[in-house]
Amino acid sequence: MKEYIGCDAHKKYSVFVAVNELGQHGPTHRVSHDRDEYRQFLASLPGNSPIALEATGHWYWLADEIEAAGHQVHLANAGEAKKRMGKTNKTDKLDACGLGMLLRNGTLPEVWIPPTELRDQRALLRTRMKLVRIGTGVKNRVHGALDRYGLQSEGYSDLFGKSGRQHLAGCLNYLPEHTRHSVERELALLDYLQPQIATLEEHIARVVQPSREIAWLRTLPGVGEILAPLIAWEVGQVKRFPGPGNLAGYAGVVARTISSGGRTWHGRVSSAVNHYLKWAFLEAANAVVRHQQKYDGWHVVNLYQRLHGPKGHAKAATAVGRHLAEATYWILQRGEAYRDPARRTLEAAARAAGSSCPGKRDVALAH
């Protein structure tokens, strides 16, 4: 009788429970994350066993070992799986049994497993993003120290450029002793961090091979040589998304909708999203905002300006990010460069003079 195996993975061990076709579960097996012991247990299972594994922070090597042992690995969205189990109590055995039962019933919320090489490459751009974010945080602290003591820095487009650093050196003399020491350490950290980012970017340039997908993505407004490969690698196989809205939701640029009793609320975006894609699309949206003259007349600028007044910057930029996410779907799905909806509308109007402008959606799809 076929068995469906649930694996509740932790940092140092995993708990396995098999569920048969009748819904009956077998004994509980706790397996240490010693590779030899883990491999021995996998070898003891029936060949080609379907195994449901939670997408925890250390699933990479576990999934690789399961596949190497000749079994079928099904990666599960841990949060969604817990909801579908509907259990009041929580133990390792119950979680493993629940995963096996969801797999048996065909209701396991599965997550796409990227190829090993792609998972490895993603680390480069994710690390760069983290380092840049650290640098931004340090710069904000330096700005905060100057503001607290009334030292102006508005006259410099880049306070941490050559002329800006000269200005900073003069400002240090006006700071109290311990604040000055703190700022000096923060500046030293920036001096160390910038070469690390530059070296990483050189390595990324060597790894990123020219591809049609990356070239197409670079035609998106606000997307350049760093964001294009990041988006391409994080999206992976676009065919795994049923439609553009699914990709936008996965990227975290779609507000949650609550509708009940004839009333509808649009709340914050969900936290269970791909945060790297979310950062990429919002970074591209903010680049569009900063360079509105470059994209004057484009749909993204019209969209931002229309929503900025009543909704504010954050929601308007998120709407632009959603448009870019949905456009990404069509670019990769159809294999073509970005086509600005505003220009297409003008072209259509020119071809059919007197016809009404199609669509009133806040986020037009680039297709």
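Before any of the text, the structure's been laid out above.
Residues numbered from 1 in each chain as written. Predicted model: local features only at pLDDT ≥ 70, side-chain atom pairs only at ≥ 80, totals over all residues. Heavy atoms only, no water.

1. So, the side chain of Thr328
Then, number 1: Along the chain, the position of Thr328 falls in helix 13 (residues 313-334).
Then, number 2: According to the relative accessible area criterion, Thr328 is buried, its value standing at 0%.
Then, number 3: Beyond its immediate stretch of four places on either side in the chain, Thr328 contacts Leu217, Leu220, Ile231, Val235, Leu247 and Phe281. (Helix = DSSP H or I, 4+ residues; strand = E, 2+ residues; numbered from the N terminus. Buried < 20%, exposed > 50% of the residue type's maximum accessible area, 1.4 Å probe, protein only. Contact = heavy atoms within 4.5 Å.)

2. Remarks on helix 13
Then, number 1: Over its 22 residues, helix 13 runs 31 Å from end to end, which matches the ideal 32 Å to within 8%, given 1.5 Å per residue.
Then, number 2: Once helix 13 finishes, Gly335 follows within two positions and takes phi at roughly 70°, a positive value. (Expected span 1.5 Å × (residues − 1).)

3. What to know about the nonpolar core
Side chains of a nonpolar character, in soluble globular proteins, are inclined to be buried together.
Then, number 1: Residues Leu217, Leu220, Ile231, Val235, Phe281 and Val300 are the most contacted members of the largest nonpolar core, which totals 56 residues.
Then, number 2: Among the elements of the structure, helix 5 (116-148), helix 7 (177-207), helix 8 (212-217), helix 9 (227-235), helix 10 (244-250), helix 11 (275-290), helix 12 (299-311) and helix 13 are those that each provide at least two residues to this core.
Then, number 3: Top contributing element to this core by residue count: helix 13, with 11 residues.
Then, number 4: Setting aside chain neighbours within four positions, we find Leu220 in contact with Leu324, Ala327, Thr328, Ile331 and Tyr338.
Then, number 5: Core analysis: the next-biggest nonpolar cluster, separate from the first, contains 19 residues, Cys7, Phe16, Ala18 and Leu75 among them. (Core = buried A, V, L, I, M, F, W, Y, C linked by side-chain atoms within 4.5 Å.)

4. Some remarks on the environment of Lys294
Then, number 1: With respect to the helices and strands, the residue Lys294 is situated in the loop between helix 11 and helix 12.
Then, number 2: A relative accessible area of 62% means that Lys294 is categorised as exposed.
Then, number 3: Between the C-alpha atom of Lys294 and that of Glu177, which follows or precedes it by 117 residues, the distance is 45 Å.

5. Focus on the side chain of Arg128
Then, number 1: Mapped onto the elements, Arg128 comes out in helix 5.
Then, number 2: If sequence neighbours within four positions are ignored, Arg128 has contacts with Ile197, Leu200, Glu201, Ile204, Ile226 and Trp279.

6. A closer look at the state of the cysteines
In a disulfide, the sulfur atoms of two cysteines are covalently bonded to one another.
Then, number 1: The tally for this structure, following the rule as stated, stands at zero disulfides.
Then, number 2: We note that Cys97 lacks a disulfide partner, and the nearest cysteine sulfur, in Cys7, lies 13 Å from it. (Disulfide = S-S within 2.5 Å.)

7. Considerations on a nonpolar patch on the surface
Then, number 1: On the surface, Ile134, Leu189 and Tyr192 cluster together into a nonpolar patch covering about 310 Å² of accessible area.
Then, number 2: Within the fold, Tyr192 resides in helix 7.
Then, number 3: Looking at Tyr192, the relative accessible area reads 55%, which means it is exposed. (Patch = residues over 30% accessible without salt bridge, like charges linked within 9 Å, V, L, I, M, F, W, Y side chains within 5 Å. Areas by Shrake-Rupley, 256 points an atom, 1.4 Å probe, with all protein chains shown as cover. Salt bridge = Lys/Arg side-chain N within 4 Å of Asp/Glu carboxyl O.)

8. Re the packing of aromatic side chains
Then, number 1: For the coordinates displayed, the defined rule picks out eight aromatic pairs.
Then, number 2: Measuring from centroid to centroid gives 6.0 Å for Phe16 and Tyr38, while their planes differ by 55°, and the two rings are tilted. Note that Phe16 is positioned in strand 2 (residues 13-20) and Tyr38 in helix 1 (residues 35-44), a separation of 22 residues in sequence. Neither Phe16 nor Tyr38 differs from the other in exposure class; each is buried. (Phe/Tyr/Trp six-rings, centres within 6.5 Å; stacked < 30°, edge-to-face > 60°.)

9. Considerations on the pattern of salt bridges
Then, number 1: As enumerated under the stated definition, the model contains 13 salt bridges in all.
Then, number 2: Across the pair Glu65 and Arg39 runs a salt bridge, and its minimum N-O distance is 2.9 Å. Note that Glu65 is positioned in helix 2 (residues 59-68) and Arg39 in helix 1, a separation of 26 residues in sequence.
Then, number 3: The exposure class assigned to Glu65 is buried, which follows from its relative accessible area of 9%.
Then, number 4: Arg339 is paired through a salt bridge with Glu336; the nearest N and O atoms lie 3.3 Å apart.
Then, number 5: Taking the relative accessible area as the measure of exposure, Glu336 reaches 24% and is therefore partly exposed.
Then, number 6: Taken together, the shared-partner salt bridges connect Arg35, Arg39 and Glu65 into one network.

Taken by themselves, the reported measurements are silent on function.
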